[in-house]
Amino acid sequence: LKRGGMGTRSKIHHKREGLPMAFFTLEGLYGNAEVVVFSDLYSKTKDYLTKDNQVFVIGRLSNKGSNGKTTDDNSTGEMLDLKILAEDIIPLEQIRARLGKYLNIRLPQQLVDDVLTKKIHELAYANRGASDLRFYIIDEGDNDGQGPKILHRIRAKALRVAPSDSLLANLRQLVGEKNIWLSES
């Protein structure tokens, strides 16, 4: 489970062994979640758990929501509050660096030429970093009603990029908004 939002109402508790753990409310676009942060993770992320700090939580869904009901007790159609057992907490400003393992570029086959390739290479070279660069060359034809067909998948072996705001904006301007995205896998 992955969920982002603003941390509010946090409480620190100490386990029997004296180790601290935290409970905080994560307020997001689709409702609130109670997040449980056990001591190992708490020691690594306690600086991010301040009030009104925006974070991204990766964890497991507990079968009990913060309202004490199981998550499938909902017959009204409303979203119940969630209880998340945190496995990682990432500050908003670090999400792109931590989760943007791949910068993906989708290119219609008919647009691929030496000029476009050179522009993309120059942008990538000027923004070297740790993210792999992957290209998807597509055929935008009808393909029997199936939509675009991927003709080639290419991973740049010698060039990795830092997916900065400016790099993403320049690439989106060059090849289109929907043709640039970051992914973990």
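Residues numbered from 1 in each chain as written. Predicted model: local features only at pLDDT ≥ 70, side-chain atom pairs only at ≥ 80, totals over all residues. Heavy atoms only, no water.

Enquirer: Explain helix H3 (residues 114-126) here, please?
Expert: Think of an α-helix as turning once every 3.6 residues; residues three or four places apart then point the same way. Here H3 contains 13 residues, and its C-alpha end-to-end distance of 18 Å stays within 8% of the 18 Å for a straight helix at 1.5 Å per residue. Within the sequence span of H3, burial applies to Leu116, Ile120, Leu123 and Ala124. Taken around the axis of H3, the buried residues stretch over an arc of 95°, which confines them to a single face. Across from the buried face of H3, at angles greater than 90 degrees, the exposed residues are Asp114, Val115, Lys118 and Ala126. Its side-chain oxygen at 3.2 Å from the backbone nitrogen of Val115, Asp113 defines the N-terminal cap of H3. (Helix = DSSP H or I, 4+ residues; strand = E, 2+ residues; numbered from the N terminus. Expected span 1.5 Å × (residues − 1). Buried < 20%, exposed > 50% of the residue type's maximum accessible area, 1.4 Å probe, protein only. Arc of directions from axis to C-beta. Polar contact = N/O pair within 3.5 Å; in protein donor to acceptor, adjacent residues only side chain to side chain.)

Enquirer: Teacher, can you tell me more about the sheet that holds strand S8 (residues 149-161) here?
Expert: Within a beta sheet, neighbouring strands are joined by backbone hydrogen bonds and run either parallel or antiparallel to one another. An order of S8-S7-S6-S9 is seen for the 4 strands of this open sheet, with the pairing classed as mixed. Both outer strands of the open sheet, S8 and strand S9 (180-183), are each paired with one neighbouring strand and no more. For this sheet, the mean angle separating the axes of adjacent strands, direction not counted, is 25°. Pairing geometry for strand S6 (residues 102-108) and strand S7 (residues 128-139), over 7 bridges, is parallel. (Pairing = 2+ DSSP bridges. Axes fitted to C-alpha atoms, helices over the stretch in contact; angles between N-to-C directions.)

Enquirer: Where do I start with the side chain of Arg134 in this structure?
Expert: Position of Arg134 relative to the elements: it lies in strand S7. Nearest to the buried, unbridged Arg134 among oppositely charged side chains is Asp132, at 6.9 Å. Separated by 2.9 Å, the side chains of Arg134 and Asn104 make a polar contact. Once residues within four sequence positions are removed from consideration, Arg134 is found in contact with Tyr102, Leu103, Asn104, Ile105, Ile154, Arg155, Ser183 and Ser185. (Lys, Arg positive; Asp, Glu negative; His and termini not counted. Salt bridge = Lys/Arg side-chain N within 4 Å of Asp/Glu carboxyl O. Contact = heavy atoms within 4.5 Å.)

Enquirer: Sorry if this is basic, but what is going on with the sheet that holds strand S3 (residues 31-37) here?
Expert: Strand order in the closed barrel made by the 5 strands is S1-S2-S3-S5-S4, with mixed pairing throughout. Direction aside, neighbouring strands of the sheet carry axes that sit 50° apart on average. Bridge analysis of S3 against strand S5 (residues 82-91) gives 4 bridges, and the strand direction is parallel. Pairing of Ala33 across the sheet is with Leu82, part of S5.

Enquirer: Where do I start with the side chain of Ser183 in this structure?
Expert: Tracing the backbone through its elements, the reader meets Ser183 in strand S9. The class for Ser183 is buried, based on a relative accessible area of 15%. Within the structure, Ser183 has its side chain in polar contact with the backbone oxygen of Ser185 (distance 3.1 Å). Ignoring sequence-local partners within four residues, the contact set of Ser183 consists of Leu99, Gly100, Lys101, Tyr102, Asn104 and Arg134.

Enquirer: Where do I start with the packing of aromatic side chains in this structure?
Expert: Given two aromatic rings, their pairing is described by the distance between the two centres and the angle made by the two planes. Under the criterion given, the structure shown has 1 aromatic pair. Both rings, one in Tyr136 and one in Trp181, keep their centres 5.7 Å apart while their planes meet at 25°; by these two values the pair is stacked. Here Tyr136, found in strand S7, pairs with Trp181, found in strand S9; they are 45 residues apart in sequence, far enough to count as distant. Residue classification places Tyr136 among the buried residues on the basis of a relative accessible area of 14%. Directly above the aromatic system of Tyr125 lies the positively charged group of Arg128, at a separation of 4.1 Å from the ring centroid. If you follow Arg134 out to its NZ or CZ, it ends over the ring of Tyr102, 3.8 Å from the centre. (Phe/Tyr/Trp six-rings, centres within 6.5 Å; stacked < 30°, edge-to-face > 60°. Lys NZ or Arg CZ within 6 Å of the ring centre and 35° of its normal.)

Enquirer: Quick question: what am I supposed to make of unusual backbone geometry here?
Expert: The bulk of non-glycine residues show a negative phi, and the bulk of peptide bonds are trans. Backbone geometry at Arg9 places phi at a positive 40°, although glycine is not the residue there. Tracing the backbone through its elements, the reader meets Arg9 in strand S1 (residues 2-14). Although it is not a glycine, Asp52 sits at a positive phi angle of roughly 65°.

Enquirer: When you look at the environment of Lys2 in this model, what are you seeing that I'm missing?
Expert: Assignment of secondary structure puts Lys2 in strand S1. In sequence terms Lys2 and Arg60 are 58 residues apart; their C-alpha atoms lie 8.6 Å from each other. Not counting residues up to four positions away in its chain, the partners in contact with Lys2 are Phe56, Val57, Ile58 and Glu184.

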